Amino acid sequence: GIQPLIIDNKQGPTNHSNALAVQARSLEIYRQMGIIDKVVPNGKQTKGVLFNQDGKQVTSLSLSNVGNGLTAFPYILLYQQSKNERTLLDYLTLNCCPVYWNTTLESLQQNADCVEAKLKNEEGEYTLKCDWVVGADGAHSTVRKQSQIPFNGDTYPSFFYLADLKLDTTFLTGEHVQLYLGKHDIGAFFPMPEDDCYRIIGNLPKEFAGREDVTVEEVLPHLNELTRSSIKIVDNNWFTTYKLHHRMAAQFRNQRCFLVGDAAHIHSPVGGQGMNTGLQDAYNLAWKLAGVVNGNIKDTI
């Protein structure tokens, strides 16, 4: 029953796949919101993980019926972040809650009764008095920095790459996550809902370390060696390199400002929980904060 003002400094929802796995609890939230029928048919349930060493399968882990009897969604759904964002944006639009894109939070000033937020967009600068502020603004969160909340942790030394590709191969099942292990390298193939499309994650060989201009064509020979196969790229939708971090905000609340998602915690993508913890943070805080605003829940610090 509370309509928030939502701002985002991006131009619109992401066009990149980004996070991929949607866990059971997130699907339960989508069911409570009434949008589950838009999500499940457009995703792909993964059957499990196949582990390969030197190109040969050595073991497997089934993910079919994982959590059976505990949830209505006993599986991991592969449904890209770009799709999640558009589904949620549709939900906001249908519920007459606009998102103001290209709008940046410049600064925050708190007192006992409200938060003054200075915003900036192409039309000018604005100052809003807000009862509450929720910072869902990522690892470089302005809300966290303005609230002077430490973000303790570290950066892993290895460089990694991420690729969204349409492939012409014979060794990928399209139903399993396939993990390939070498002496010094690792590569993981995640089947996307679209035919012959895969998310590939791996570590960059040492000779590429520190380079920001690495291309998928340069990585491909290492992938062929790792999988002992011949991979043909039909379409390159996205390729990027990055480092992994693990950091945690010292606190998730400072007076009338809250942190959720990557603004509060970042970690390795192993386990596919990053997007899910963000969704679940927001949903959990939202109903509690609505209860406070409506006078049904007492605000205690």
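Look above for the structure.
Residues numbered from 1 in each chain as written. Predicted model: local features only at pLDDT ≥ 70, side-chain atom pairs only at ≥ 80, totals over all residues. Heavy atoms only, no water.

Sorry, what's going on with the pattern of salt bridges here?
Pairs may arise between side chains of opposite charge once their charged atoms sit close together. Going through the model one piece at a time under the given rule, you end up with ten salt bridges. Between D8 and K10 there is a salt bridge, and its shortest N-O distance comes to 3.1 Å. One salt bridge in this structure joins D299 and R253, with 3.1 Å as the shortest N-O distance. Of this pair, D299 sits in the segment after helix 6 (274-293) while R253 is found in strand 17 (residues 253-254), placing the two residues 46 residues apart along the sequence. On the basis of relative accessible area, D299 is assigned to the partly exposed category, the value being 35%. Within this structure, D54, E225 and R228 form a network of salt bridges that share partners. (Salt bridge = Lys/Arg side-chain N within 4 Å of Asp/Glu carboxyl O. Helix = DSSP H or I, 4+ residues; strand = E, 2+ residues; numbered from the N terminus. Buried < 20%, exposed > 50% of the residue type's maximum accessible area, 1.4 Å probe, protein only.)

In this structure, what is going on with the layout of surface pockets? I would like to understand it.
Where empty space is left becomes clear once a probe the size of a water molecule has been rolled over the atoms. Within this model, the second largest pocket holds a volume of roughly 280 Å³. Lining the second largest pocket are 17 residues, with F258, N284, L285, K288 and L289 positioned closest to its centre. Where the lining of the second largest pocket is concerned, the elements lending two or more residues are strand 18 (257-259) and helix 6. With six residues, helix 6 is the single largest residue contributor to the lining of the second largest pocket. Taken together, the residues of the lining of the second largest pocket break down into nine nonpolar, three polar and five charged. (1 Å grid on protein atoms, 1.4 Å probe; cavity = no way out; pocket = protein on both sides within 12 Å on 5 of 7 lines; lining within 4 Å. Points joined across faces, edges and corners; volume = space filled by probe spheres on them. Nonpolar A, V, L, I, M, F, W, Y, C, P; charged D, E, K, R; others polar.)

Explanation requested: helix 5 (residues 216-227) in the structure shown.
An α-helix turns once every 3.6 residues. As a result, residues three or four positions apart point the same way. In this model, helix 5 (twelve residues) spans 16 Å end to end at C-alpha, consistent with the 16 Å of a helix rising 1.5 Å per residue. Lining the buried residues of helix 5 we find strand 12 (151-168), strand 13 (176-181), strand 14 (186-191), strand 15 (197-203) and strand 16 (232-249). (Expected span 1.5 Å × (residues − 1). Contact = heavy atoms within 4.5 Å.)

Would you take a moment to explain the sheet that holds strand 10 (residues 124-130) for this structure?
What links the strands of a sheet is backbone hydrogen bonding, and the strands pair in either a parallel or an antiparallel sense. What the three strands build is an open sheet, ordered 8-9-10; its pairing is antiparallel. Edge positions in the open sheet fall to strand 8 (104-110) and strand 10, since each of these has one partner strand only. Pairwise comparison of adjacent strand axes, ignoring direction, gives a mean angle of 20° for this sheet. Pairing analysis gives seven bridges linking strand 9 (residues 115-121) to strand 10, with the strands arranged antiparallel. When the bridges of strand 10 are listed, V115 appears paired with C130. (Pairing = 2+ DSSP bridges. Axes fitted to C-alpha atoms, helices over the stretch in contact; angles between N-to-C directions.)

On their own, these measurements won't tell you what the molecule is for.
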